[in-house]
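# Geometric and topological summary
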Amino acid sequence: MSVPLTLLGLLERESSYGYDLKRDYDTYFGWGRVLPFGQVYATLSRLARDGKVTAGQVEPGAGPDRKRYAITESGARELEGWLKTPIEPEPHLQTLLSTKVVLSLMLGRSARTYLDTQRAAHLERMRQLTELRRTAGPVEALLADHGLFHLEADMRWIDLTEARLASIAKAIHNQEETQP
Amino acid sequence: MTTPTFGREASPPIAEGRCLVKSFGRTPALNGASVAVPPGEILAVMGPSGSGKSTLLHCLAGIFTPDAGEVYFDGRRIDHLGETRRSEMRRRDFGFVFQFGQLVPELTVEDNIALPLLLARLPRRDAYAAARSWLPRLGLDGLGARRTGEVSGGEAQRVALARALVHHPKVVFADEPTGSLDSLTGEQVMELLVSITREEGTTVILVTHEARVAAYADRMVLVRDGHVTVADPPAAPSKPADGFTVGVGPQPASLGR
């Protein structure tokens, strides 16, 4: 979960109130979803308990929460480490896609028809993302670009798999025959 | 998601191929390919190398004559026309963008853009004025007097775009227009191609093997073994990343082919 670390990042920029943190989170990192207030405060109190942030005195004034949070040295170290660590380059879809192809072939269904449907669905999503990045600002385009490249990789895989369907089917049936 | 309102169902096609067959020697390229493109549509034609997608484009553009089948442009059959009338039609009604711009390197940017108008016997002054008016639209300000052999690949491809659009063609045929460019430059070219042709209402037939390029189009068809497969997106478009609600369908079809 990257919410605590993202909040730490916002706090490294400047100490802040829960409400402002939520607003900034939604603006920069929500990607279309809002972070519930409850989760913000729960996260902040866990971070405070673990010594990653400090919570200031309740300040007088209007509004739900007048505590100012600040990042601690330990929080900053954790943030630093997290930012430097690459994300596991894990494939998101390939096991699912592969399972469908293998199962289709195994069950004598048209894997090619499945791949065509999948290709159309992928391209439709790519069209949406392309439209988004054409109309959105450069910050929103970040996520769209990332999605586009991933979907493009899947598309290449779909093309290649389609070209290899016959040999994949043969390998599966050979395997099945050699098994008791 | 906004869909362009060019009336995809209502309008008769501006470009159409019916049951096209074309072989090169003993190598079949098209084997009964049919496609219809409504006016104003940006159509992506995808398919693996050697699938016949470029041959299809060349047939629709009246460059190749199919061995069998019919080609229509704007309601008129064109595959039976003589070469003189077809080349006249290509010059007047079509624009072309290829993978390598195919500009004349010794000529300037302006010369290259003005070329289709000069070939159409427009007065020199008018041709050059029109050519110059395209420079800012394509981010080519100040480059008009450069030789095209001296500009960058992305600039050259934008010159090629201007040359394809300068005479306000009805259809632009683009064959791998970003094929020789890096992804950022390719995206700039696609962005310009799409935004200008949408403004002008120009139909685009775009051959590409790259999904990212095809994603700029309104619709995609797939050419496979010389046939055209229309791959409509599923009725309830799913985000492939989360649902996999896209069914295979119940038909007990055979393996691959």
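Note that the structure is a prediction, hence the values are computed from the model and not measured.

Let us now look at the overall build of chain A. Assigned secondary structure in chain A consists of 8 helices and 3 strands. When the helices and strands of chain A are read in sequence order from the N terminus, they spell out α-β-α-α-β-β-α-α-α-α-α. A compact globule built from 180 residues would reach a C-alpha radius of gyration of about 16 Å, whereas chain A, at 24 Å, exceeds it by more than 25%. Reported as C-alpha extents along the three principal axes, the dimensions of chain A are approximately 75 × 45 × 25 Å. Counting the 180 residues in chain A, one finds 28% classified as buried.

Moving on to the overall build of chain B. Secondary structure assignment for chain B yields 7 helices and 10 strands. Counting all 257 residues of chain B, 42% fall into the buried class. Taking all contacts inside chain B whose residues are at least 6 apart in sequence as the whole, residues at least 24 apart take part in 70%.

Attention shifts here to the pairing of strand β10 (residues 227-230) of chain B. Residues and elements named next belong to chain B. As defined by bridge partners, strand β9 (residues 219-224) adjoins β10 across 4 bridges and the pair is classed as antiparallel. Looking at the pairing, Leu222 lines up with Thr229 of β10. Taken together, β9 and the strand that follows it, β10, pair antiparallel across an intervening segment of 2 residues, in which Asp225 is found at a positive phi of about 50 degrees.

All names here are of chain B. Spatially, 6 strands are ordered β6-β7-β8-β3-β9-β10 in an open sheet, and the strand pairing comes out mixed. The sheet is open, and its two borders are formed by β6 (94-97) and β10, each paired with just one other strand. Strand-to-strand twist of the sheet, defined as the mean angle between neighbouring strand axes without regard to direction, takes the value 20 degrees. Direction of pairing for β6 relative to strand β7 (residues 171-175): parallel, over a ladder of 4 bridges. For Val97, the partnering residue across the bridge sits in β7 and is Ala174. Along the sheet, helix α5 (residues 153-165) makes contact with β6 and β7, crossing β6 at roughly 170 degrees.

Glancing now at the confidence of the model for chain B. Residues and elements named next belong to chain B. Across chain B, pLDDT averages 86, with 85% of residues at or above 70. Scored below 50 in pLDDT, residues 1-8 shows 10 contacts in the model against residues more than four places distant or in partner chains. In the predicted complex, the global pTM is 0.77; the interface-specific ipTM is 0.76.

Residue and element names in this part refer to chain B. Here we have 4 strands laid out as an open sheet, ordered β2-β1-β4-β5, and antiparallel in their pairing. Two strands lie at the open edges of the sheet, namely β2 (27-37) and β5 (76-77), each paired on one side alone. In the sheet, strand β1 (residues 15-24) pairs with strand β4 (residues 68-73) via 5 bridges, with the strands oriented antiparallel. For Val21, the partnering residue across the bridge sits in β4 and is Ala68. Taken strand by strand, helix α1 (residues 53-60) contacts β1, β2 and β4, and its axis lies near 120 degrees from that of β1.

Look at any regular strand and the pattern is simple: side chains alternate between the two faces of the sheet. Across the 5 residues that make up β7(B), a large majority, 4, are buried. At this point the chain moves from β7(B), through helix α6 (residues 183-200) of chain B, to the parallel strand β8 (residues 203-207) of chain B, and the crossover so formed is right-handed.

Bringing the nonpolar core into the picture now. By size, the foremost hydrophobic cluster in this structure holds 76 residues, and its most contacted members are B:Leu43, B:Val45, B:Leu56, B:Ile205 and B:Leu206. The element that contributes the greatest number of residues to this core is α5(B), accounting for 7 residues. Residues A:Leu8, A:Leu10, A:Val53 and A:Leu79 belong to the second largest nonpolar core, which totals 13 residues.

Residues and elements named next belong to chain A. For Asp50, the location among the structural elements is in the loop between α3 (37-49) and β2 (53-58). By the C-beta count within 10 Å, which is 13 here, Asp50 ends up partly exposed. Each C-alpha atom of the pair Asp50 and Gly75 lies 8.9 Å from the other, and the pair is 25 residues apart in sequence.

Another point: helix α7 (residues 138-163) of chain A. Its 26 residues place the ends of α7(A) 37 Å apart at the C-alpha level, agreeing with the 38 Å of an ideal helix rising 1.5 Å per residue. Along α7(A), the residues that are buried comprise A:Ala144, A:Leu148, A:Leu151, A:Asp154 and A:Met155.

Further remarks concern the packing of α5(B) against α6(B). Residue and element names in this part refer to chain B. Closest axis-to-axis distance for the α5/α6 pair is 9 Å, and the angle between their directions is 15 degrees. Of the possible angle classes, the one that applies to α5 and α6 is roughly parallel. With respect to the hand of their crossing, α5 and α6 are arranged in right-handed fashion. In contact with Gly153, Gly154, Gln157, Arg158, Leu161 and Leu165 of α5, α6 contributes Thr185, Gln188, Val189, Leu192, Leu193 and Ile196. Classifying every residue of the contact of α5 with α6 by side-chain character gives 6 nonpolar, 5 polar and 1 charged.

A word on the environment of A:Ala136. Along the chain, the position of A:Ala136 falls in the loop between α6 (111-135) and α7. Excluding anything up to four places from it in sequence, A:Ala136 contacts A:Ala141 and A:Ala144.

Predicted confidence across chain A gives a mean pLDDT of 86, with 94% of residues reaching 70 or more. Across chain A, α3(A) holds the top mean pLDDT of 95, while helix α5 (residues 94-106) of chain A sits lowest at 82.

With that out of the way, let us pick up α1(B). Buried residues dominate α1(B), accounting for 7 of its 8 residues. Two residues or fewer after α1(B) comes B:Gly62, characterised by a positive phi angle close to 75 degrees.

So, on to the packing of helix α1 (residues 3-13) of chain A against helix α2 (residues 18-29) of chain A. Residue and element names in this part refer to chain A. Orientation of α1 relative to α2, taken along the N-to-C sense of each, is 110 degrees, at an axis distance of 10 Å. Comparing their axes, α2 and α1 come out roughly perpendicular. Note on element contacts: α2 touches α1 through Leu21, Asp24, Tyr25 and Phe29, opposite Thr6, Leu7 and Leu10. Looking at side-chain class alone, the contact of α1 with α2 contains 5 nonpolar, 1 polar and 1 charged residues.

Parameters at a glance
- As a convention, each chain's residues are numbered from 1 in the sequence order in which they are written.
- By the order in which they are written, chains take letters starting at A while ligands take numbers starting at 1.
- Whole-chain, interface and lining totals are the exception, using all residues; otherwise, since this is a predicted model, local features are given only for residues with pLDDT of at least 70 and side-chain atom pairs are given and counted only at 80 or more.
- For the purposes of this entry, the term helix denotes a DSSP run of H or I that reaches at least four residues, the term strand denotes a run of E that reaches at least two, and both are numbered from the N terminus.
- C-alpha atoms define the radius of gyration, and 2.2 Å times the number of residues to the power 0.38 defines the globule rule.
- Partly exposed residues are those whose C-beta has more than 12 but fewer than 20 other C-beta atoms within 10 Å; with 20 or more the residue is buried, with 12 or fewer it is exposed, and the C-beta atoms are placed from the backbone.
- By definition, residue pairs are in contact when their C-beta atoms, positioned from the backbone, come within 7 Å.
- DSSP bridges decide pairing: two strands pair if at least two such bridges lie between them.
- Only C-alpha atoms enter the line fits that serve as axes; for helices the fit covers just the stretch in contact. Angles between N-to-C directions range over 0 to 180 degrees.
- Per-residue confidence from the predictor is given as pLDDT, running between 0 and 100.
- The handedness of a crossover follows from its direction of travel: if, with the strands pointing away from the viewer, the path from the first strand over the helix to the second runs clockwise, the crossover is right-handed.
- Any nonpolar core is a set of buried residues, restricted to Ala, Val, Leu, Ile, Met, Phe, Trp, Tyr and Cys, that join up through C-beta atoms within 7 Å.
- Expected helix span is given by 1.5 Å per residue-to-residue step, counting one fewer step than there are residues.
- Oblique is the label for any angle not under 35 degrees, not over 145, and not in the 65 to 115 range, which are roughly parallel, roughly antiparallel and roughly perpendicular in turn.
- It is the rotation of the near helix from the far one that decides the hand of a crossing: anticlockwise by less than a right angle makes it left-handed, clockwise makes it right-handed.
- Here the term charged refers only to Asp, Glu, Lys and Arg, the term nonpolar to Ala, Val, Leu, Ile, Met, Phe, Trp, Tyr, Cys and Pro, and the term polar to all other amino acids, Gly among them.

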